[in-house]
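Chain by chain, the residues:
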Amino acid sequence: MTIRVFENDRLAAKAAATIFASEILKKPDCIIGLATGSTPVPTYQELIRLNQEGVLDFSKVRSFNLDEYVGLAPEHPCSYRRFMNEQLFDHINIDKANTHVPSGIGDDPEKNAAEYDAAIEAAGGVDLQLLGIGHNGHIGFNEPCDRFIAPTNIVTLTDSTINANTRFFEKREDVPRKAISMGIRTIMSARRILMIATGEGKAQAVRDMICGDIDPRHPASILQAHHNVQILLDKGAASLL
Ligand code: F6R
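Since this is a predicted model, take the numbers as computed values, not measurements. (Residues numbered from 1 in each chain as written. Predicted model: local features only at pLDDT ≥ 70, side-chain atom pairs only at ≥ 80, totals over all residues. Heavy atoms only, no water.)

Caption draft 1: A look at the packing of aromatic side chains. Within the structure shown, the criterion is met by five aromatic pairs. Ring geometry for Tyr-69 and Tyr-80: centres 4.8 Å apart, planes at 45°, overall tilted. With Tyr-69 in strand β4 (residues 67-69) and Tyr-80 in helix α3 (residues 80-87), this residue pair connects regions lying eleven residues apart in the sequence. Ring centres of Tyr-69 and Phe-169 lie 5.5 Å apart, and the angle between their planes is 80°; on these two criteria the pair is classed as edge-to-face. Pair noted here: Tyr-69 is in strand β4 and Phe-169 is in the loop between α5 (159-165) and β8 (178-181), with a separation of 100 residues, a long-range link. Given the relative accessible area of 0%, Tyr-69 is considered buried. Among the aromatic side chains, those forming a connected cluster through ring pairs are Tyr-69, Tyr-80, Phe-141 and Phe-169. (Phe/Tyr/Trp six-rings, centres within 6.5 Å; stacked < 30°, edge-to-face > 60°. Helix = DSSP H or I, 4+ residues; strand = E, 2+ residues; numbered from the N terminus. Buried < 20%, exposed > 50% of the residue type's maximum accessible area, 1.4 Å probe, protein only.)

Here it is as structure tokens:
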């Protein structure tokens with residue numbers, strides 16, 4: 001693992017955007033894995049700036065997002081598809097047909113999950129996967145558990161995640177209890193992984209990820225076993241290292 005600590009989240013975001021830029025410049029049709037939540041927003045703003053200034057061309061880039069809530073249609077204001085459109089895709093020259101977010105609707109979410117992994121594989125696998133980390137150490141929506149779940153699957157969100165994500169909804173009861181998430185094998189199959197964690201609230205999860213044993217009760221700790229992981233932290237998230 002390469003760990004870099006920045007003065008603040010803006011500088012971490014600039015570094016993250018630079019890593020994406022180098023991947024896209026090297027391989028214009030690369031496959032990027034994307035995340036939602038608050039952490040990547042400053043990185044997406046940097047990527048938008050680079051695209052609008054003509055530095056970065058997304059016209060051939062393909063993307064796969066980590067997760068989606070079960071039961072939320074793509075046009076739902078709190079869906080992750082909507083989030084990605086609003087925070088990134090609507091502002092860059094990516095072809096929306098090349099952007100993929102798992103489907104949380106339909107009769108058979110398990111089938112959606114299996115098809116998502118198959119689509120990633122058929123596309124050639126993720127070149128660079130962006131991750132955030134939950135306060136409880138989750139990556140994607142792989143919650144603390146007694147074993148790592150390999151493939152993309154349907155997960156039950158923990159109270160900690162429901163509480164953390166209530167800020168995106170009107171009230172706690174509105175947060176879906178289930179999500180479809182890339183599994184641990186799906187995430188670990190990415191050729192490169194870029195994790196961003198910012199804020200003191202993430203410090204314990206970051207410590208467990210980096211300094212603890214590989215343990216499914218701290219899902220992000222599995223990243224210790226990946227051969228190419230870069231972790232970008234601000235001072236708050238690094239405060240327990
Ligand atoms: C988002 C995702 C989650 C978030 C994590 C951190 O697609 O899969 O693992 O990265 O919950 O969320 P924020 O950035 O909102 O603190």
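Caption draft 2: Structural detail: the sheet that holds strand β7 (residues 153-156). Taken in spatial order, the three strands of this open sheet run β4-β8-β7, and their pairing is antiparallel. The open sheet terminates on both sides in strands that have one partner only, identified here as β4 and β7. Neighbour-to-neighbour, the strand axes of the sheet open up by a mean angle of 30°, direction not taken into account. Bridging between β4 and β8 involves three bridges; their strand directions are antiparallel. Bridge pairing in β8 links Tyr-69 to Ala-179. (Pairing = 2+ DSSP bridges. Axes fitted to C-alpha atoms, helices over the stretch in contact; angles between N-to-C directions.)

Caption draft 3: Quick peek at the pattern of salt bridges. Evaluation of the coordinates by the stated rule reveals 14 salt bridges. For Lys-235, the salt bridge goes to Glu-7, with nearest N and O atoms at 3.2 Å. Note that Lys-235 is positioned in the segment after β10 (229-234) and Glu-7 in the loop between β1 (2-6) and α1 (9-26), a separation of 228 residues in sequence. Ionic pairing is found between Glu-53 and Arg-49, a salt bridge with its closest N-O pair at 3.0 Å. With relative accessibility at 52%, the residue Glu-53 sits in the exposed group. Through salt bridges with shared partners, one network takes in Lys-14, Glu-46, Arg-49 and Glu-53. (Salt bridge = Lys/Arg side-chain N within 4 Å of Asp/Glu carboxyl O.)

None of this, on its own, says anything about what the molecule does.
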